[in-house]
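Fold and contact review
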Amino acid sequence: MKIELLTLQCIKNYGSVLQTYATEKILNEFFQEVETIRFVRDDSADDNMLTEWVKYEIGLKKVVKKIFLFPMCCRYKKVFNSFLDKYINLTDEEYRKEDDFSKYPIKADVFCVGSDQVWNSSWNKGILPAMYLNFVPDDIMKFSFCSSFGVTRLPEKEIKETTRLLKRLKYISVRESSAVELLDNLGIENAKHILDPTLLMSAEFWKKISAPKLIKEDYVLVYQLNPNQEFDEYAQRLAEKKKMKLVYIGMRMKDKLKKGKVFLMPEVEEFLSLIQYASYVITDSFHGTAFSINFNREVIDIYPNEFSTRLSSILKWAGISCRHLESFDDFEIANEKIDYVTINHKLEKERTKAREFLKKIKNDVERENDII
């Protein structure tokens with residue numbers, strides 16, 4: 001039995017490629033063949049990447065910035081494309097436009113969309129009908145797995161179209177509890193709240209591909225997606241108070257100027273290692289938080305200005321909303337240890353729940369297709 005997965009694997013960040021890997025692996029527990037559709041948003045395509053980075057610049061400044069950012073652009077492509085090539089079973093054809101799905105039809109017994117922010121219209125620059133599997137015939141099973149809206153409510157102008165598209169899916173699961181309420185308000189009932197796929201795979205699973213330990217000393221790790229000087233100053237002061245090395249996962253060329261040891265765009269396996277062995281992780285990233293929880297690290301979350309719903313949802317689920325830093329003068333937060341005995345027990349329950357959801361779908365597909 002073959003299943004096609006549609007997700008945002010093309011986005012060049014650690015969370016996107018790792019959630020794709022985890023989703024493929026968990027689907028493979030129930031379906032013999034799992035293939036991920038090589039869907040590419042125009043703004044994230046390799047040939048458009050540098051242009052997107054400088055789209056707000058003009059004249060000479062644009063030319064200079066392009067030259068300056070070119071090496072970093074190449075690094076992004078190398079790190080994430082090499083991971084996808086090594087670990088993900090992608091379709092031969094690339095799909096960018098709506099008519100590509102007609103031009104290169106895909107055949108499978110069942111189609112899945114998710115996880116990641118597949119339904120976040122702000123992140124995706126509008127509704128992407130493909131992300132609701134609009135190209136799949138009515139008589140083929142369609143479902144979502146840990147899909148995310150990234151917001152607690154939809155813009156009024158998107159409600160009608162989103163509802164229409166969602167009603168074509170037989171089963172829906174979302175990765176934020178707030179999304180269940182959002183769907184209820186749209187008249188779509190029985191949606192399941194399932195954790196992000198990276199959490200549905202155990203720490204031992206991730207350790208198999210994680211790089212060896214990269215730092216000998218104890219260290220405070222910073223994984224920061226949104227520039228914030230107060231964030232940086234807080235991390236420096238915490239590292240000093242704990243008498244630990246300060247380590248950054250750098251995402252921009254200018255991150256090399258930060259105080260501490262900077263790993264500029266490390267390989268994906270190194271990203272995992274840096275979180276796995278950190279004493280503390282300070283982050284504004286959902287997946288930075290998710291992997292910290294999975295590896296039982298002492299995590300401190302600093303919410304970004306946008307899309308913080310995912311972070312608050314995972315902290316609330318884990319019972320550690322107190323790990324949201326509300327004041328840059330609060331260093332006591334690091335002195336209270338997280339109760340991972342309780343969290344790990346909850347994780348096991350969620351992993352069972354997710355697999356029961358997929359087992360039900362598999363059995364349903366087998367009945368519909370008379371597969372023995």
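Up top is the structure these notes are about.
Before going into details, it helps to say that this report is about the structure given with it. Everything quoted here is computed from the prediction, not taken from an experiment.

Thresholds, definitions, all that
Residues numbered from 1 in each chain as written. Predicted model: local features only at pLDDT ≥ 70, side-chain atom pairs only at ≥ 80, totals over all residues. Heavy atoms only, no water. Axes fitted to C-alpha atoms, helices over the stretch in contact; angles between N-to-C directions. Helix = DSSP H or I, 4+ residues; strand = E, 2+ residues; numbered from the N terminus. Parallel < 35°, antiparallel > 145°, perpendicular 65-115°, else oblique. Left-handed = near helix turned anticlockwise from the far one by under 90°. Contact = heavy atoms within 4.5 Å. Nonpolar A, V, L, I, M, F, W, Y, C, P; charged D, E, K, R; others polar. Pairing = 2+ DSSP bridges. Phe/Tyr/Trp six-rings, centres within 6.5 Å; stacked < 30°, edge-to-face > 60°. Buried < 20%, exposed > 50% of the residue type's maximum accessible area, 1.4 Å probe, protein only. Lys NZ or Arg CZ within 6 Å of the ring centre and 35° of its normal. Expected span 1.5 Å × (residues − 1). Polar contact = N/O pair within 3.5 Å; in protein donor to acceptor, adjacent residues only side chain to side chain.

Here helix 10 (residues 268–276) crosses helix 11 (residues 286–294) at 60°, and the two axes come no closer than 9 Å. Judged on the interaxial angle alone, helix 11 and helix 10 are oblique. Here helix 10 runs over helix 11; the crossing is right-handed. Facing Phe271, Leu272 and Ile275 of helix 10, the residues of helix 11 in contact are Gly288, Phe291 and Ser292. Considering only residue class, the contact of helix 10 with helix 11 consists of 4 nonpolar, 2 polar and no charged.

Taken in spatial order, the 5 strands make up an open sheet running 3-2-1-4-5, and their pairing is parallel. Strands at the two margins of the open sheet, each flanked by one partner only, are strand 3 (90–95) and strand 5 (141–144). Ignoring which end each strand starts from, the neighbouring axes of this sheet average 25° apart. Strands strand 4 (110–113) and strand 5 of the sheet are contacted by helix 13 (residues 340–369), whose axis makes an angle of about 170° with strand 5.

Right, let's get into the environment of Ala130. Among the secondary structure elements, Ala130 is positioned in the loop between strand 4 and strand 5. Along the sequence, Ala130 and Leu165 sit 35 residues apart, while their C-alpha atoms lie 9.6 Å from each other. Setting aside residues up to four positions removed in sequence, Ala130 forms contacts with Leu6, Phe39, Glu98, Phe101 and Phe135.

Our next topic: the packing of aromatic side chains. For the structure on display, the rule yields 27 aromatic pairs. Ring centres 5.0 Å apart and planes at 70° place the aromatic pair Tyr14 and Phe80 in the edge-to-face group. Residue Tyr14 is found in helix 1 (residues 14–27), and its partner Phe80 is found in helix 3 (residues 59–87); the two are separated by 66 residues along the sequence. There is no split in this pair, since Tyr14 and Phe80 are both buried. Pairing Tyr21 with Phe83 gives two aromatic rings, centres 5.9 Å apart and planes at 80°, and the pair type is edge-to-face. Within this pair, whereas Tyr21 is found in helix 1, its partner Phe83 is found in helix 3, the two being separated by 62 residues in sequence. Seen from the ring of Phe286, Arg175 lies directly overhead, with NZ or CZ sitting 4.5 Å from the centre. The ring centre of Phe263 lies 5.2 Å from the NZ or CZ of Lys261, which sits over that ring.

Within a regular strand, the side chains alternate between the two sheet faces. In strand 5, alternate side chains face the same way, and those of Met141 and Phe143 on one face and Lys142 and Ser144 on the other are all buried. The pairing of strand 4 with strand 5 spans 4 bridges and is parallel. By the bridge assignment, Val113 is partnered in strand 5 with Ser144.

Here we take up the sheet that holds strand 12 (residues 298–301). Through backbone hydrogen bonds, the strands of a sheet pair up, either in parallel or in antiparallel fashion. Read from one edge to the other, the open sheet built from 5 strands follows the order 10-9-8-11-12, with strand pairing classed as parallel. Strands at the two margins of the open sheet, each flanked by one partner only, are strand 10 (261–264) and strand 12. Between one strand axis and the next, the sheet turns by 20° as a mean value, whatever way the strands run. In this sheet, strand 10 lies alongside strand 9 (residues 245–250) in parallel orientation, the contact comprising 4 bridges. Within the sheet, the bridge partner assigned to Ile249 lies in strand 10 and is Phe263.

Taking 1.5 Å of rise per residue, 30 residues should cover 44 Å, and helix 13 covers 43 Å from first to last C-alpha, within 8% of that figure. Those residues of helix 13 that sit buried are Tyr340, Ile343, Leu347, Glu350, Arg351, Ala354, Phe357, Leu358, Ile361, Asp364 and Val365. Two or three places before Val341, at the start of helix 13, stands the capping residue Asp339, its side-chain oxygen 3.3 Å from that residue's backbone nitrogen. In the stretch just after helix 13, Asp370 is the one whose phi turns positive, near 55°.

Everything listed here is a matter of geometry and, on its own, says nothing about what the molecule does.
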